[in-house]
Structure formats: structure tokens, C-alpha cells
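# Fold and contact review
Here is how the chains run, residue by residue.
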Amino acid sequence: MTDNKQIKPTYSVLADIYDDVMIGVDYETWTDYIDEIIYQYHPDAVSVLELACGTGTMALSLEELAAYDITATDGSEEMIRVANQKAESARSDVKFLTRNFLDLKMDQMFDVVFMVFDSLNYLHSEEDILKLHDEVKKVLNPGGIFIYDFTTPRNSRIAIKHLNNESKRVNNLYRYHRKSSYNAKKREHTNRFKIEKLGKESGNVAETFHEKHLQKIYTLPEIENIVKKTEFSILNAFDGFALEPAHEKSLRITMVLQ
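Residues numbered from 1 in each chain as written. Predicted model: local features only at pLDDT ≥ 70, side-chain atom pairs only at ≥ 80, totals over all residues. Heavy atoms only, no water.

### A few points about helix H2 (residues 27–41)
In a regular helix each residue adds 1.5 Å, so 15 residues correspond to 21 Å; H2 covers 21 Å between its end C-alpha atoms and thus fits that length. All buried positions along H2 are accounted for by Tyr 27, Trp 30, Thr 31, Tyr 33, Ile 34, Asp 35, Ile 37 and Ile 38. Each element contacted by the buried residues of H2 is listed here: helix H1 (18–21), helix H3 (57–65), strand S5 (110–115), strand S6 (140–151), strand S11 (234–239) and strand S12 (252–257). (Helix = DSSP H or I, 4+ residues; strand = E, 2+ residues; numbered from the N terminus. Expected span 1.5 Å × (residues − 1). Buried < 20%, exposed > 50% of the residue type's maximum accessible area, 1.4 Å probe, protein only. Contact = heavy atoms within 4.5 Å.)

### Considerations on the side chain of Asp 74
Note that Asp 74 resides in strand S3 (residues 69–74). Of the side chains with opposite charge, Lys 86 comes closest to the buried, unpaired Asp 74, at an N-O distance of 11 Å. If near-sequence neighbours (up to four positions away) are discounted, Asp 74 is found in contact with Ala 52, Cys 53, Gly 54, Met 79, Ile 80, Leu 97, Thr 98 and Arg 99. (Lys, Arg positive; Asp, Glu negative; His and termini not counted. Salt bridge = Lys/Arg side-chain N within 4 Å of Asp/Glu carboxyl O.)

### Here's the deal with the packing of aromatic side chains
For the structure shown, the criterion picks out seven aromatic pairs. With a centroid separation of 5.2 Å and an interplanar angle of 70°, the aromatic rings of Trp 30 and Phe 117 are classed as edge-to-face. Taken together, the positions of Trp 30 in helix H2 and Phe 117 in the loop between S5 and helix H5 (126–139) put the pair 87 residues apart, joining distant regions of the chain. Overall, Phe 117 belongs to the partly exposed group, its relative accessible area being 25%. Geometrically, the ring pair formed by Tyr 176 and Phe 193 is tilted, given 6.3 Å between the ring centres and 45° between the ring planes. (Phe/Tyr/Trp six-rings, centres within 6.5 Å; stacked < 30°, edge-to-face > 60°.)

Below you can see the structure in the form of C-alpha cells.
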């Protein structure tokens, strides 16, 4: 069969192999961390909204931890399709919806909104980050909190040593290659995926897809200055997965806003 090469939107074809690509991520620890932040800053929270939920692993894990009423959204229809499949298999009550977090259009309010795994870094301008905060403010109940993380320039400089070239086969249906690069001057981190769909019987490459993921990398002072322009106040900025203050060597910073 002819090898058809196609350029696909971010998180489209990748949705079918996303959980395999992310197999090294400790979602349980991450979920425990978010739950601990919620308990510390809003112990009475019931309704929770996750933005950029991907294939729903965090939302499903959070549901197992506590009696939250969880809605999870992502801008990729393909990712939500996979999330719904996982929810059905787990007999979960999590509600998964396709939504652009810059245009939420939700019909309910929430006690907590959270967004993890550097999804904020996919916003490349202050204008879009401000828009995100505006959208979240619209759907937060009084006293509600907004939790999100972002990665720093130091994280990209270190990560590039480990992610520069990675090739793996996923079951017998896909093979992917990830190449990462970091432009320190522009502070842009790029992940390029080449995904090959294999023939079920022949094992040969039937189709080839390409996805490009571009992240803008921010510092804590930059994010703090942007937040000052919103209706939110900063309750804390944590270092990585610890409830300790973020600092200049932090690789990932978690913001807690109200």
C-alpha cells in the first residue's frame, strides 16, 4: 500500500497512541497533588472542571480519590473520543466535553478549575493567557480556585537532553518518532511527531502522519505580571509537585489563584 503522508492538527492522530506515549507520566502522584491543593485551599469544593484533559486520565483518577462532580474538557475531538471510551469502560460519571478553553461556553459554574501538564505553554501570547483567565473567571463560583502549571526555560534546557530523539512501536498498529528542540532565544519548545500507521496483516507502513507541538516557555515573573492584569489574585506558586514555594530553579510551577 502507498505510504500517504499527512499533516494533522495537534492531538488528532496522536490521540490513539497518547496513553502509550505518556506511559512514563506518574498520573497518580499528579492527581494526589491536585487533590491536596484543592483540600488545602477549597476543602468544601464539589464541582470540578478540568481544561485540556487529554484522554481523561487525570479526571478519571481524581474521581477515584474523592466525591467530586467532575467535568473534563479538551479542544481535540479525538482526545475526547478516547476519554469517553475510557469512561465507559470504567463506568465513570465524569462528563467529557469538547471545548476550546479560550471559548468555554459552559452551562454551569464550578468550585475548582484546573489545567495541568503545561497546557498553558501552548498559549503563545499574553493576550491569550489573559483570555484564558477571563474565561475561567466566568465559570468559577464565588471563592472558587483556578489551578494550573507551566514549565520554565530551565525545564526545557534539561528535558531536551532526554527527549531529543525517541522512537517506539505501539502494539502492532502504530510506530512513532518524536524529535524535540528548544530555541532558547525565542523560548520556544517544539515537539515534532512522525506517526506511522501499520497494516494489520503486512506490518508495512500504510499511512504516515505528522504533528507539530509548539510551546512558549515562561518564567514565574512573567506569569505573575500577567495574573496582576486579571481579576485573580495569587494564593501560591508551588515548585513542581511539592507544596513548597517556587524558585528560580523550578522546572515546573503550579499556580493557585482565586
